[in-house]
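Architecture and fold: a report
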Amino acid sequence: MTATTLDPRTALVVVDLQKGIVALPTAHPAADVIARSATLADAFRAKGLPVFLVRVTGGAPGRTEGPARSGQPAADWADIVSEMGPREGDTVVTKQQWGAFHGTALDLELRRAGVTQVVLTGIATSIGVESTARAAHELGYHVTIATDAVTDMDADAHRNSVEKIFPRLGETDTTDAIVKLLG
């Protein structure tokens, strides 16, 4: 678990820290994930680096064996939590599936900003964060995951992503270590 460097044009991508998601039961306290993500966002903003806040408002079509959501979500379900912003200069990306790249303008916005690396935080580790990390890696971005700023509804799924998947997609480290790399 060691991030070696951050490119001069690195962006923070915060996945699904929205009211409806953070209210779900998670393996690690969502409040800690929010606080650490906010720390990273403040550090990125202070360095003039881009912050992207991703939220989900739908789901990909298709049959699955997993249970479907039932009922109507609360009106504020997709609102980004206030601790995260958005602040002036942040970009909000709305997605309809797990990953933040497919069907959104995220890749285009990152490339326009000259971004070559992304730091990821958010919920759920094995779903939105992992899907976003996989796509970023496949698109040629350097990927870093703040492992203490992600959690999942399933502790085993979280652990699998952190220990087995993320090291194959990029580098991992703590919020504090990543802030130190920002300088």
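Residues numbered from 1 in each chain as written. Predicted model: local features only at pLDDT ≥ 70, side-chain atom pairs only at ≥ 80, totals over all residues. Heavy atoms only, no water.

Right, let's get into the side chain of Asp90. The residue Asp90 is located in the loop between β2 (51–56) and β3 (91–95) in this model. We classify Asp90 as buried; its relative accessible area is 14%. Side-chain polar atoms of Asp90 contact the side chain of Arg45, separated by 2.6 Å. (Helix = DSSP H or I, 4+ residues; strand = E, 2+ residues; numbered from the N terminus. Buried < 20%, exposed > 50% of the residue type's maximum accessible area, 1.4 Å probe, protein only. Polar contact = N/O pair within 3.5 Å; in protein donor to acceptor, adjacent residues only side chain to side chain.)

Right, let's talk about the side chain of Asp7 for a bit. In this structure, Asp7 sits in the segment before β1 (10–15). Buried charge without a salt bridge: Asp7, with Arg9 as the nearest opposite-charge side chain at an N-O distance of 10 Å. Sequence-distant contacts of Asp7, that is, excluding residues within four places in its chain, are made with Thr116, Gln117 and His142. (Lys, Arg positive; Asp, Glu negative; His and termini not counted. Salt bridge = Lys/Arg side-chain N within 4 Å of Asp/Glu carboxyl O. Contact = heavy atoms within 4.5 Å.)

Between helix α4 (residues 125–138) and helix α5 (residues 155–169), the least distance of the axes is 10 Å, while the angle of their chain directions is 5°. In terms of axis orientation, α4 runs roughly parallel to α5. Along the contact surface, α4 presents Thr125, Ser126, Val129, Glu130, Ala133, Arg134 and His137, while α5 presents Ala157, His158, Ser161, Val162, Ile165, Phe166, Arg168 and Leu169. When grouped by side-chain class, the residues that make up the contact of α4 with α5 number seven nonpolar, five polar and three charged. (Axes fitted to C-alpha atoms, helices over the stretch in contact; angles between N-to-C directions. Parallel < 35°, antiparallel > 145°, perpendicular 65-115°, else oblique. Nonpolar A, V, L, I, M, F, W, Y, C, P; charged D, E, K, R; others polar.)

A word on the sheet that holds strand β4 (residues 117–123). Strand order in the open sheet formed by six strands is β3-β2-β1-β4-β5-β6, and the pairing between neighbours is parallel. Each edge of the open sheet is held by one strand with a lone partner, namely β3 and β6 (171–173). When the angles between neighbouring strand axes are averaged without regard to direction, this sheet yields 25°. Where β1 and β4 come together, six bridges link them in parallel fashion. Across the sheet, residue Thr10 finds its bridge partner in β4, namely Gln117. Packed on one face of the sheet, α4 meets β1, β4 and β5 (142–151) and runs near 170° to β4. (Pairing = 2+ DSSP bridges.)

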